[in-house]
Amino acid sequence: MTWTVAPEPADSADAAALWREYYTEVSDRWYLLHEGHRTDPGELEREIAARTWEELTPPGGRLLVGRYDGAPGGCAGVLLLDASTAELKRVYVRQELRGKGGAPLLVRAAEDAARALGATRMILDTRSDLVEARALYARLGYTETEPHNDDPYAEHWFTRHLT
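Side note on the pattern of salt bridges
Between side chains of opposite charge, a pair can form as their charged atoms come close.
Step number 1: Under the defined criterion, the tally for this structure stands at 13 salt bridges.
Step number 2: Linking Arg160 and Glu111 is a salt bridge whose minimum nitrogen-to-oxygen distance equals 3.2 Å. Note that Arg160 is positioned in strand E7 (residues 156–161) and Glu111 in helix H3 (residues 102–116), a separation of 49 residues in sequence.
Step number 3: Of the charged contacts, one joins Arg127 and Asp129 as a salt bridge, the two residues approaching to 2.8 Å between their closest N and O atoms.
Step number 4: When its relative accessible area of 9% is taken as the criterion, Arg127 is described as buried.
Step number 5: A cluster of three or more residues bridged by salt bridges with shared partners is formed by Glu25, Arg29, Arg98 and Glu132.

Here it is, written out as structure tokens:
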């Protein structure tokens with residue numbers, strides 16, 4: 001069983017399913033930590049419907065889908081912010097596939113996509129409770145920096161020079 005990673009249209013059924021899983025997991029984790037319950041189902045549906053992956057489409061972005069043995073297993077997005085800076089967005093691997101090498105592969109593929117867009121630096125933000133993500137980024141050579149945005153949910157900011 002192996003991983004493959006390729007660009008995917010943001011409006012594909014696989015992209016939509018991965019977006020739903022990603023958002024549900026990060027939202028539920030936040031609510032469980034801060035309020036002791038999962039996301040209200042109505043709020044969850046409103047937020048999933050309100051957000052698209054349109055920014056992760058050419059020419060200024062890319063959505064990548066990782067497939068494990070041919071089945072969609074994870075995703076990562078790249079958004080070109082300026083001529084030299086790209087942002088890593090929405091890195092996600094389905095829970096049953098974690099520990100099988102998909103996350104590093106998705107991040108490296110996103111870095112390659114950022115380079116193809118002309119970027120020489122990748123930035124990202126994440127939350128304190130997403131400890132697995134923070135460990136992944138550190139392991140892959142990202143260094144923690146000062147904030148680069150004012151996202152109310154961002155608590156850690158990282159950068160990596162793409163050489």
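Things to note about the environment of Ala16
Step number 1: Tracing the sequence through the fold places Ala16 in helix H1 (residues 13–35).
Step number 2: With a relative accessible area of 43%, Ala16 lands in the partly exposed category.
Step number 3: Remark: the alpha-carbon pair of Ala16 and Asp112, spanning 96 residues in sequence, is separated by 23 Å.

Some words on the pairing of strand E4 (residues 85–93)
Step number 1: Counting buried positions along E4 yields eight of nine residues, so the element is predominantly enclosed.
Step number 2: Direction of pairing for strand E3 (residues 71–80) relative to E4: antiparallel, over a ladder of six bridges. Considered in E4, the bridge of Gly74 is made with Val93.
Step number 3: Considered for its hand, the β-α-β crossover made up of E4, H3 and strand E5 (residues 121–126) is right-handed.

Examining unusual backbone geometry
Step number 1: Residue Pro58 is joined to Pro59 through a cis peptide bond whose omega torsion reads 10 degrees.
Step number 2: By secondary structure assignment, the location of Pro59 is in the loop between helix H2 (41–50) and strand E2 (61–68).
Step number 3: With phi around 55 degrees, Asp69 is a residue other than glycine that occupies positive phi space.
Step number 4: Even without being a glycine, Arg90 presents a positive backbone phi close to 50 degrees.

Brief notes about the packing of aromatic side chains
Each pair of aromatic rings is reported with the distance of its centres and the angle of its planes.
Step number 1: Tallied over the entire structure, the rule returns eight aromatic pairs.
Step number 2: For the pair Trp19 and Tyr22, a centre-to-centre distance of 5.9 Å together with 25 degrees between the ring planes defines the contact as stacked. Of the two residues, Trp19 and Tyr22 are both situated in helix H1; the distance of three residues between them amounts to about one turn of the helix.
Step number 3: Judged by relative accessible area, which is 5%, Trp19 ranks as buried.
Step number 4: Using a relative accessible area of 17% as the deciding quantity, one classes Tyr22 as buried.
Step number 5: Judged by centre distance (5.1 Å) and plane angle (85 degrees), the rings of Trp30 and Tyr31 are edge-to-face.
Step number 6: Its relative accessible area of 21% is what places Trp30 among the partly exposed residues.
Step number 7: Each member of the aromatic cluster is reached from another via a ring pair, and the members are Trp19, Tyr22, Tyr23 and Tyr92.

Quick look at H1
Step number 1: Between its terminal C-alpha atoms H1 stretches 32 Å, which fits the 33 Å expected from 23 residues at 1.5 Å a residue.
Step number 2: Within H1, burial applies to Ala15, Leu18, Trp19, Tyr22, Tyr23, Val26, Ser27, Asp28 and Tyr31.
Step number 3: For H1, the elements touching its buried residues are H2, E2, E3 and E4.

The rules behind the values
- Residues numbered from 1 in each chain as written.
- Predicted model: local features only at pLDDT ≥ 70, side-chain atom pairs only at ≥ 80, totals over all residues.
- Heavy atoms only, no water.
- Salt bridge = Lys/Arg side-chain N within 4 Å of Asp/Glu carboxyl O.
- Helix = DSSP H or I, 4+ residues; strand = E, 2+ residues; numbered from the N terminus.
- Buried < 20%, exposed > 50% of the residue type's maximum accessible area, 1.4 Å probe, protein only.
- Pairing = 2+ DSSP bridges.
- Right-handed = clockwise from strand over helix to strand, strands pointing away.
- Phe/Tyr/Trp six-rings, centres within 6.5 Å; stacked < 30°, edge-to-face > 60°.
- Expected span 1.5 Å × (residues − 1).
- Contact = heavy atoms within 4.5 Å.

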